[in-house]
Amino acid sequence: MAEQTTAGSSSATEPVTNSSSAADGLSVWATAQSTGPVQRRGRYVPESGKHPARMLPAIAAHAIAAYTQPGDLVLDPMCGIGTTLVEAVHAGRDAFGVEYEPQWSNIADANIRHAHDQGASGRASVIRGDATRLMSLVPKALTGQVALVVTSPPYGPTVHGLVRPGEHGVVKYDDRYNDGEDKGNLAYRDLTGLADGFAEILRGCATLLRPGGAVAVTARPWRKRGELVDLPSAVIAAGLRAGLVPTERCVALLAAVRHGQLVARPSFFQLQQVRKARSSGVPMHLIAHEDVLIFAKRSLEDGSGVVA
């Protein structure tokens, strides 16, 4: 996910609804009332800004409030700088994550320590490794113990990153997952490879999920050479292959709501891409939300229902 915004109140970290929101049928999450930097300021270590695709803290916080109770166990198998883990421990949940790249797992560790220094009561840890082999990384004792999985697949090897003025125009930086095209990183696979790898990750998550637990995956389409890449549909297909059942499709806003109107928060490159497309006659619009795809474990009784 590119840098955007979050939370349903003036607080950068307070979720917009209480734990009954999912049952009440609320499908639009007001998760961008403040910008991403405002949401993270003081709550995350400064190095967190180097990650090219940070999840908005309010998205993780909202999912945790809606689908778990204090003391529950939360998992993010592609945890990056640990956003899901930090929001979980601040909410009194326990959490663990898996991260492939040491640079980000080290920052995730620092963010967890920072959360505990701020009084967070939950426990959290980060496992270094390849989440496509999740069950070889996680203690077997955790099988059937996870109440909620919150995660997001990568959107290719480069994302929006950050910008600064340079001698020859705008310079883009911190926009790559790593320096080499490591095929172990899902970011460097094509859509088919990404979906196959993500299905393996979700299969492990399904094994760890407790009865009645949920998997929340944020995803949105992107454009590659002008063509729309439908990542949400690929995620749904991956979930089905992993033995999960889609139960909800929600919207996490990447725009603020002000006086009944959406206030977009596009990155520099998003805005530039839309302007170029429109100038050439292509009616492109800014993407102002993430799809949040909610899954449950398939029933063992008939193979078609959802575990109670």
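Residues numbered from 1 in each chain as written. Predicted model: local features only at pLDDT ≥ 70, side-chain atom pairs only at ≥ 80, totals over all residues. Heavy atoms only, no water.

### Describing the pairing of strand β6 (residues 124-128)
Line of reasoning, step 1. In terms of strand pairing, strand β5 (residues 94-99) meets β6 through five bridges, oriented parallel. In the strand pairing of β6, Val98 is matched with Ile127. (Pairing = 2+ DSSP bridges. Helix = DSSP H or I, 4+ residues; strand = E, 2+ residues; numbered from the N terminus.)

### Section: the sheet that holds β6
Line of reasoning, step 1. With mixed pairing, the eight strands of this open sheet are ordered in space as β2-β13-β16-β10-β7-β4-β5-β6. The outermost strands of the open sheet, each flanked by one partner alone, are β2 (28-29) and β6.
Line of reasoning, step 2. Pairing geometry for strand β4 (residues 73-76) and β5, over four bridges, is parallel. Within β5, the position partnered with Val74 by the bridge is Ala95.
Line of reasoning, step 3. Helix α2 (residues 57-67) contacts β2, β7 (146-151), β10 (209-219), β13 (244-253) and β16 (289-297) of the sheet and is inclined by roughly 160° relative to β7.
Line of reasoning, step 4. Strands in contact with helix α4 (residues 102-117) are β5 and β6; relative to β6, the strand with the most contacts, it is inclined by about 170°. (Contact = heavy atoms within 4.5 Å. Axes fitted to C-alpha atoms, helices over the stretch in contact; angles between N-to-C directions.)

### Some thoughts on the packing of α2 against helix α3 (residues 83-90)
Line of reasoning, step 1. In the contact formed by α2 and α3, the axes pass within 9 Å of each other and the chain directions differ by 50°. Comparing their axes, α3 and α2 come out oblique. Relative to α3, the crossing made by α2 is right-handed. Facing Pro57, Ala60, Ala61 and Ile64 of α2, the residues of α3 in contact are Thr83, Thr84, Glu87 and Ala88.
Line of reasoning, step 2. Along the lines of polarity and charge, the residues of the contact of α2 with α3 split into five nonpolar, two polar and one charged. (Parallel < 35°, antiparallel > 145°, perpendicular 65-115°, else oblique. Left-handed = near helix turned anticlockwise from the far one by under 90°. Nonpolar A, V, L, I, M, F, W, Y, C, P; charged D, E, K, R; others polar.)

### Focus on the pattern of salt bridges
Line of reasoning, step 1. For the structure shown, the criterion picks out nine salt bridges.
Line of reasoning, step 2. For Arg220, the salt bridge identified is with Glu290, shortest N-O distance 3.6 Å. Of this pair, Arg220 sits in the loop between β10 and β11 (222-224) while Glu290 sits in strand β16, and the two are 70 residues apart along the sequence.
Line of reasoning, step 3. Exposure remark for Arg220: the relative accessible area of 4% places this residue in the buried category.
Line of reasoning, step 4. Accessibility expressed as a relative area gives 0% for Glu290, which makes it buried. (Salt bridge = Lys/Arg side-chain N within 4 Å of Asp/Glu carboxyl O. Buried < 20%, exposed > 50% of the residue type's maximum accessible area, 1.4 Å probe, protein only.)

### Here we look at α3
Line of reasoning, step 1. With respect to burial, α3 is a largely interior element, seven of its eight residues being buried.
Line of reasoning, step 2. Packing partners of the buried residues in α3 comprise α2, β4, β5, α4, β6 and β7.
Line of reasoning, step 3. Following α3 by one or two positions, Gly92 adopts a phi angle in the positive range, close to 80°.

### Description of the pairing of β10
Look at any regular strand and the pattern is simple: side chains alternate between the two faces of the sheet.
Line of reasoning, step 1. Of all eleven residues that make up β10, eight are buried, and the element is covered over most of its length.
Line of reasoning, step 2. In the sheet, β7 pairs with β10 via five bridges, with the strands oriented parallel. Of the residues in β10, the one forming a bridge with Thr151 is Val217.
Line of reasoning, step 3. Here β10 pairs with β16 via five bridges, running antiparallel. Note that in β16 the partner of Val217 across the bridge is Leu293.

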